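Structural description and commentary
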Amino acid sequence: NEYPCHWGAWHTLQGLCQGAAEASQLNLTNHWMRGFFAAHLSLELQQNNEGLDFYRSLAPSTKRSGYVATQIAIALYNMREFDEA
């Protein structure tokens, strides 16, 4: 919570979460990076629909982000939506 823009901390925290239920129990600061954490965790847990929803909700505020576009494509690919990916 002290350094919310430090992605390495979020990434380490993700490794400690075995599921979305555990992640929802965490006392996390309400910061825009929390959305990236939730989206990334969803894809890591193969919860592609949820991850896709998270990344699509982030897309309007990150219009020029290649990262968000790539993560959306990965989620679609994982869901076997090859043409849309």
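Sequence order as written defines the numbering, with residues in each chain counted from 1. Since the coordinates come from a predicted model, pLDDT governs what is reported: local features require at least 70, and pairs of side-chain atoms require 80 or more to be given and counted, while whole-chain, interface and lining totals use all residues. Remark: hydrogens and water are excluded; side-chain values derive from all non-hydrogen atoms of the structure.

Turning our eyes to something else, we now look at the overall build of the chain. The helix and strand tally for the chain stands at 5 helices and 0 strands. For the radius of gyration, the atoms used are the C-alpha atoms, and the globule rule reads 2.2 Å times the number of residues raised to 0.38. By the compact-globule yardstick of 12 Å for 85 residues, the chain fits well, its C-alpha radius of gyration being 13 Å. C-alpha extents for the chain along the principal axes are approximately 40 × 30 × 20 Å. Three labels apply to residues, based on accessible area from a 1.4 Å probe with only protein chains included: buried if under 20% of the type maximum, exposed if over 50%, partly exposed otherwise in between. When the 85 residues of the chain are sorted by exposure, 31% land in the buried category. Residue pairs at least 24 apart in sequence account for 48% of intrachain contacts in the chain once pairs closer than 6 positions are excluded. What sets the accessible areas is the Shrake-Rupley method with a 1.4 Å probe; for residues, cover comes only from the shown protein chains. If you sum the accessible surface of the chain, you get close to 5700 Å²; carbon and sulfur atoms cover 51% of it. Only four residue types enter the tally: Lys and Arg on the positive side, Asp and Glu on the negative side, with His and both chain ends excluded. The atom standing in for a charge is NZ when the residue is Lys, CZ when it is Arg, CG when it is Asp and CD when it is Glu. Here the chain contributes 5 positively and 8 negatively charged side chains, and the mean placements of these two sets differ by 10 Å. Strands here are runs of E lasting at least two residues and helices are runs of H or I lasting at least four, both read from the DSSP assignment and numbered beginning at the N terminus. The contact definition used throughout considers only heavy atoms, calling two residues in contact when any of these lie within 4.5 Å.

Relative to the assigned elements, Gln14 resides in helix H1 (residues 7-16). Overall, Gln14 belongs to the buried group, its relative accessible area being 9%. Apart from residues lying up to four places away in sequence, Gln14 is in contact with Phe37, His40, Leu41 and Glu44.

With that out of the way, let us pick up helix H5 (residues 66-78). Three or four residues apart is the spacing at which side chains of an α-helix point the same way, because the helix has 3.6 residues per turn. Given the number of residues in a helix, its expected span is that number minus one, multiplied by 1.5 Å. Taking 1.5 Å per residue as the helical rise, H5 with its 13 residues ought to reach 18 Å, and the 18 Å between its terminal C-alpha atoms agrees with that figure. Within the sequence span of H5, burial applies to Val68, Gln71, Ile72, Ala75 and Leu76. Taken around the axis of H5, the buried residues stretch over an arc of 140°, which confines them to a single face. Packing partners of the buried residues in H5 comprise helix H3 (32-44) and helix H4 (48-58). Polar contacts, as counted here, are pairs of nitrogen or oxygen atoms within 3.5 Å of one another; within protein the pair requires one atom able to donate a hydrogen and one able to accept it, and residues that are adjacent in sequence qualify only if both atoms are side-chain atoms. Residue Ser65 occupies the N-cap position of H5, its side-chain oxygen lying 3.3 Å from the main-chain nitrogen of Tyr67. Picture the helix axis, draw a direction to every C-beta atom, and the arc is the one those directions span.

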